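For reference, the chains in residue letters:
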Amino acid sequence: MEKNIYIIKTQEVFDAIVVGSGIAGGWAAKELTEKGLKTLLVERGRPVEHRKDYIGEGLKAWQMPFRGSVEKALVDEQHYVQKKCYAFNDATKHFFGNDKDFPYSTPKDKPFDWIRGNQLGGKSLLWHRQSYRWSDHDFNSNARDGEGVDWPIRYKDIEQWYDKVELHAGISGSKENLEILPDSQFLPPFEMNPVEKEMKARIEKKWSTRKLIIGRTAHLSVPASHHLAQGRLQCQARNECQKGCSFGAYFSTQSSTLPSALATNNLSIATNSIVHSVIYDPKTNRATGVRVIDAETLETREYFAKVIFLCASTLGTTQIMLNSVSESFPTGIANSSGALGHYLMDHLYGAGAMGRVEGFEEDYYSGRRPIGLIMPRFRDYNEKNPNFKRGYFYMAGAQRASWEQLGTGDGFGAEFKANIRQPGPWYFNLSGSGEMLPRYENQVSLHPTLKDKWGMPQLHIECSFSDNDWKMMEDIADTAANMLEAIGLKDVKKDIRAKRDWHPGLSIHEMGTARMGKDPKTSVLNGWNQAHDVPNLFVTDGACMTSSASQNPSLTYMALTARAADYAVQQLKLGKI
Amino acid sequence: MNLPALPSGSDGVSRRAALKQLALACGLALSASSLSALAASFSAPTDFSRSKKTLLTAKQLELVRALGDIIIPATDTPGAVAAGVHDFINHYTAYCASSAEQQQLLATLARIESAAHDEFKTAFTALTNAQQLQLLNAMEQAQNGFSQADRKGLKQLKALVVFGYYTSEPGATQELAYLAIPGGYKGNFKLKEIGRAWALNF
Ligand SMILES: Cc1cc2nc3c(=O)[nH]c(=O)nc-3n(C[C@H](O)[C@H](O)[C@H](O)COP(=O)(O)OP(=O)(O)OC[C@H]3O[C@@H](n4cnc5c(N)ncnc54)[C@H](O)[C@@H]3O)c2cc1C
Ligand code: SF4
């Protein structure tokens, strides 16, 4: 990356400012610069350069003093929340936020686990890359049962934008022609192993409403020529992606959107620049720029532009908006509705079942496939719901037991060792991803007194699972266990981990605190991700979501961002914003 | 497009060559500098300076070494001792275990010693292999005066030995099969092609 694209102080009035460089911000920067806008990307964290800064990449277990574990003192002091994320380890820890530096508060009885990646690239370096379109069933859900407000858009509004971002990012998957989970523009799917194929056959024979398909993921299973031209190579199935990937085989800001934005020569980047608030001019009713605190020196500075995209992640963006107070907006910019900060959602993970599959002793696999299988939603779609609203899909997969399981067995010596040398029995598991309802009382606000070390008011997060959420989790576990028994699995065990140690936030799909809607009285953004109250202010990260569906959300953030950028540039050219 | 499987060897030269081959297969001309950047990111920065503290006394370490040898002995491949599992446990528990877990491990070691003295009037390491196994089997089964708590303690120790061994270089690459860069996922793979289980990456 060229050094001179990094700036610190400037009086230049940019065409656009993008706040945050994660999945959404990277897309905003790419689209706006490609449309000719001089764009400043503002990021609170440090620069991370593709290949050069993947310091954990290629590290093998025995090359780390604690084999991937992190020292307890360090975890206790700096990573007490981040450690709960499955991807947190010695080779990835530098891509997670530091809990000591990024404090927030919650009520004692409502823990919320806020997982963060605060650097250039944001959580695009950390995500697991499952990528699913949302369908009309999802965009209709609030209208159907009256929870939350209706989405101002439908599937047809976003379809072409899914096409566009998928082609660039590279999504692998299988064509299935399902209305509930529309197909993407696919690269070839990853393969299923024989047990997975058998489970698919048994399930689909019993239930015409339930399909078992390979997951869809932002990995270059087979790169297209334009991916190779971006310097991205085929995925090697290491499944160590969160360490960073020099092959560029998974979608991240660094591998995919940033190179495109840089190629336009329209991009400048300000790292270590914490956006404190959006500057608002009541005379023109426009946002004119952002106030920034330098992460290292604590100095303040301002950046100016004609249009502003907030992409600082759901809660990061909401924190900035709540902190942008003026006479016109005493409770936060663009908050005339009072909806800002409310309707926080996450997905319902932490419930499912697993069982042992007999046979298939000769069969094995090679490589660490970076994606599992899924069973698209059936509950409130082509099957009835027992006693709750909305539905879920399952993540699934079959694997053979390894030393991690076999090593807990009884015995000693050569026999014990020989037993572990062979892979153990096959296990097949189903674990749910459920839709969480948008509820007013699940909310974030600025803490009245507590600040972080840069002087930003801390977020106070109040979020908990509802009765509906718990009923759904029960159904996820019961239905999974019944299904596994019905197809002949042994030792079927169901589990609701959420009862013990899975809190909201830990599914890392937080969204909804600056929702879209048709009515400015009840929503913050319109159908173009544009603030109802401030026409040149756009929010395209997860804060904009009106409901949570059950699919992983980031692909939808990408599509919405590309669509909003296109609209913003049109409006700018027409002189309307 | 079929890519060659990359060798998992640890020397930088073969990795470089493999990457070059990979780039060629992709029809991608990597410049010398981007290639060295790729290669550099594969030569892992190893920082063992963090592991200086120890939990165990020399005597306790000797006992853990002996127990490692009983749990995972050398066979046609190196065992726990050659993999340095006892040293790993010594540092790992000093840095990564909670004080409760540390106390549990020390209590287990003390319990094994005291049982050896009660039953055979000698140190555990001085027992015959058969006596050692008899004692440990009883402890694992919570029999002959051993409680469920003793069984739990022994299980914790075994978990540490197993973790240390199968994440060590000999454990992962000689006892099990290891592919640093598998070159893709094959679901139709037959076990007899490698004859043993894959090591996990962590
Ligand atoms: C381990 C893991 C697995 C995941 N798996 C999946 C998956 O399989 N599929 C999926 O769809 N999603 C997944 N996610 C979630 C996904 O990462 C997020 O939905 C996505 O990254 C959100 O994009 P974003 O641009 O809104 O935020 P981010 O990617 O978090 O980027 C926000 C950026 O804004 C910056 N920022 C914040 N505040 C400020 C400020 N005040 N000033 C300046 N900059 C600021 C941050 O430093 C950060 O760089 C996963 C996440 C994790 C951690
Ligand atoms: S699995 Fe694929 S994307 Fe992930 S690190 Fe390996 S090559 Fe990169």
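Definitions and cut-offs
- Residues numbered from 1 in each chain as written.
- Chains lettered and ligands numbered in written order.
- Predicted model: local features only at pLDDT ≥ 70, side-chain atom pairs only at ≥ 80, totals over all residues.
- Heavy atoms only, no water.
- Helix = DSSP H or I, 4+ residues; strand = E, 2+ residues; numbered from the N terminus.
- Buried < 20%, exposed > 50% of the residue type's maximum accessible area, 1.4 Å probe, protein only.
- Contact = heavy atoms within 4.5 Å.
- Areas by Shrake-Rupley, 256 points an atom, 1.4 Å probe, with all protein chains shown as cover.
- Near = heavy atom within 4 Å.
- Polar contact = N/O pair within 3.5 Å; in protein donor to acceptor, adjacent residues only side chain to side chain.
- Nonpolar A, V, L, I, M, F, W, Y, C, P; charged D, E, K, R; others polar.
- Buried area = accessible area lost by both parts, 1.4 Å probe.
- Salt bridge = Lys/Arg side-chain N within 4 Å of Asp/Glu carboxyl O.
- Core = buried A, V, L, I, M, F, W, Y, C linked by side-chain atoms within 4.5 Å.
- Phe/Tyr/Trp six-rings, centres within 6.5 Å; stacked < 30°, edge-to-face > 60°.
- Lys NZ or Arg CZ within 6 Å of the ring centre and 35° of its normal.
- Axes fitted to C-alpha atoms, helices over the stretch in contact; angles between N-to-C directions.
- Parallel < 35°, antiparallel > 145°, perpendicular 65-115°, else oblique.
- Expected span 1.5 Å × (residues − 1).
- Pairing = 2+ DSSP bridges.

Visitor: Any chance you could explain the overall build of chain B here in plain terms?
Guide: Of the regular secondary structure elements, chain B holds 8 helices and 1 strand. Ordering the α and β elements of chain B from the N terminus gives α-α-α-α-α-α-α-α-β. Within chain B, the fraction of its 202 residues that count as buried is 49%. For chain B, contacts bridging at least 24 residues in sequence account for 54% of all contacts bridging at least 6. Carbon and sulfur atoms make up 54% of the accessible area of chain B, which amounts to about 9,200 Å² in all.

Visitor: In this structure, what is going on with the site of ligand 1? I would like to understand it.
Guide: Residue and element names in this part refer to chain A. Taken together, 37 residues form the shell around ligand 1, and within it Ala 24, Glu 43, His 128, Gln 130 and Ser 554 come nearest. Between ligand 1 and Arg 44 there is a distance of 3.1 Å, counted from a nitrogen atom to a backbone nitrogen or oxygen. Look at ligand 1: alone it shows 990 Å² of surface, and the protein chains cover 97% of it. Secondary structure elements with two or more residues in the shell around ligand 1: helix 1 (23–34), strand 7 (273–281) and helix 13 (554–573). Tallying contributions element by element places strand 7 first for the shell around ligand 1, with 3 residues. Its residues assigned to classes, the shell around ligand 1 comprises 17 nonpolar, 15 polar and 5 charged.

Visitor: Looking at this model, I keep getting lost on the interface of chain A and chain B. Mind explaining?
Guide: In this complex, chain A contributes 68 residues to the contact, which on the side of chain B involves 77 residues. Interface of chain A and chain B: buried area, both sides summed, is about 6,700 Å²; carbon and sulfur atoms make up 60% of it. Of all residues in chain A, Trp403(A), Phe412(A) and Arg421(A) give up the largest surface area on contact with chain B, accounting jointly for 14% of the area buried on that side. In this assembly, chain A and chain B are joined by 6 salt bridges.

Visitor: Can you help me understand the environment of His79(A) in this one?
Guide: All names here are of chain A. Structurally, His 79 can be placed in the loop between helix 2 (72–78) and helix 3 (136–139). Residues His 79 and Trp 134, 55 residues apart in the sequence, show an inter-C-alpha distance of 33 Å. For His 79, the contacting residues outside a window of four places in its chain are Leu 74, Phe 88, Lys 93, Gly 97 and Asp 99.

Visitor: How should I be thinking about the site of ligand 2 in this particular structure?
Guide: The environment of ligand 2 is formed by His219(A), Cys235(A), Gln236(A), Ala237(A), Arg238(A), Asn239(A), Cys241(A), Cys245(A), Ala249(A) and Tyr250(A). Class assignment of the residues belonging to the shell around ligand 2 gives a composition of 6 nonpolar, 3 polar and 1 charged.

Visitor: Could you clarify how one ought to interpret the nonpolar core in this entry?
Guide: Taken as a class, soluble globular proteins show a tendency for nonpolar side chains to be buried jointly. Formed by 204 residues in total, the largest nonpolar core has its most connected members in Phe428(A), Ile461(A) and Phe124(B). Ignoring anything within four residues of it in the chain, the contact list for Ile461(A) reads Tyr104(A), Ser105(A), Thr106(A), Pro107(A), Lys110(A), Phe112(A), Trp114(A), Leu315(A), Leu344(A), Gln443(A) and Val444(A).

Visitor: Any chance you could explain the environment of Phe112(A) here in plain terms?
Guide: Residue and element names in this part refer to chain A. Mapped onto the elements, Phe 112 comes out in the loop between helix 2 and helix 3. Here Phe 112 falls in the buried class, since its relative accessible area comes to 3%. Setting aside residues up to four positions removed in sequence, Phe 112 forms contacts with Tyr 104, Thr 106, Leu 315, Leu 344, Ile 461, Cys 463, Pro 504, Gly 505 and Glu 510.

Visitor: Explain the pattern of salt bridges to me, please; I cannot follow it from the model alone.
Guide: Side chains bearing opposite charge may pair, as long as their charged atoms lie close to each other. All told, the structure shown has 55 salt bridges over all chains when counted by the stated rule. One salt bridge connects Asp150(A) with Arg154(A), and the closest N-O pair in it is separated by 3.1 Å. Arg421(A) is paired through a salt bridge with Glu175(B); the nearest N and O atoms lie 2.9 Å apart. Here Arg421(A) is found in helix 11 (residues 413–421), whereas its partner Glu175(B) is found in helix 8 (residues 169–175) on a different chain. Both residues of the pair, Arg421(A) and Glu175(B), count as buried.

Visitor: Mind showing me how you'd approach the packing of aromatic side chains here?
Guide: What the rule picks out here adds up to 34 aromatic pairs over all chains. Linked through ring pairs, Tyr364(A), Tyr365(A), Trp426(A), Tyr185(B), Phe189(B) and Trp198(B) together constitute an aromatic cluster. Lying over the aromatic face of Phe378(A), Arg210(A) brings its terminal NZ or CZ to 4.4 Å of the ring centre.

Visitor: When you look at the packing of helix 5 (residues 99–120) of chain B against helix 7 (residues 148–166) of chain B in this model, what are you seeing that I'm missing?
Guide: For any two helices packed against each other, the geometry comes down to the angle between their axes and how far apart the axes lie. Residues and elements named next belong to chain B. The geometry of helix 5 relative to helix 7 is characterised by a closest axis approach of 9 Å and an angle of 110° between their N-to-C directions. Relative to helix 7, the element helix 5 lies roughly perpendicular. Contacts between helix 5 and helix 7 involve Glu 101, Gln 104, Leu 105, Thr 108, Arg 111 and Ile 112 from the former and Asp 150, Lys 152, Gly 153, Leu 154, Gln 156, Leu 157 and Leu 160 from the latter.

Visitor: How do you make sense of helix 9 (residues 314–323) of chain A when you look at a structure like this?
Guide: For helix 9 of chain A, the buried fraction is high: 10 of the 10 residues fall into the buried class. Of the residues making up helix 9 of chain A, those classed as buried are Thr314(A), Leu315(A), Gly316(A), Thr317(A), Thr318(A), Gln319(A), Ile320(A), Met321(A), Leu322(A) and Asn323(A).

Visitor: Honestly, helix 6 (residues 129–140) of chain B in this entry has me stumped. Any pointers?
Guide: Residues spaced three or four apart along an α-helix point in a common direction, a consequence of the helix completing one turn every 3.6 residues. Residue and element names in this part refer to chain B. With 12 residues, helix 6 extends 16 Å between its outermost C-alpha atoms, agreeing within 8% with the 16 Å of an ideal straight helix rising 1.5 Å per residue. Buried within helix 6 we find Gln 132, Leu 135, Leu 136, Ala 138, Met 139 and Glu 140. Tucked inside the fold, the buried residues of helix 6 contact helix 3 (58–71), helix 5 and helix 7. Just past helix 6, the residue Ala 142 takes up positive phi, approximately 55°.

Visitor: How should the sheet that holds strand 13 (residues 392–400) of chain A be read in this particular structure?
Guide: Sheet strands pair by backbone hydrogen bonding; their relative direction is either parallel or antiparallel. Residue and element names in this part refer to chain A. If you walk across this open sheet you meet the 6 strands as 5-12-13-14-10-17, and the pairing is antiparallel. Strands at the two margins of the open sheet, each flanked by one partner only, are strand 5 (213–214) and strand 17 (490–496). Helix 12 (residues 467–486) rests against strand 10 (351–357), strand 12 (373–375), strand 13, strand 14 (426–434) and strand 17 of the sheet, and its axis sits at about 15° to strand 10.

Visitor: Looking at this structure, how should I read the side chain of His137(A)?
Guide: Residues and elements named next belong to chain A. Topologically, His 137 is positioned in helix 3. Assessed through its relative accessible area of 13%, His 137 is described here as buried. Every residue in contact with His 137, bar those within four places of it in the chain, is listed here: Arg 144, Ile 180, Arg 377, Asp 380 and Tyr 381.

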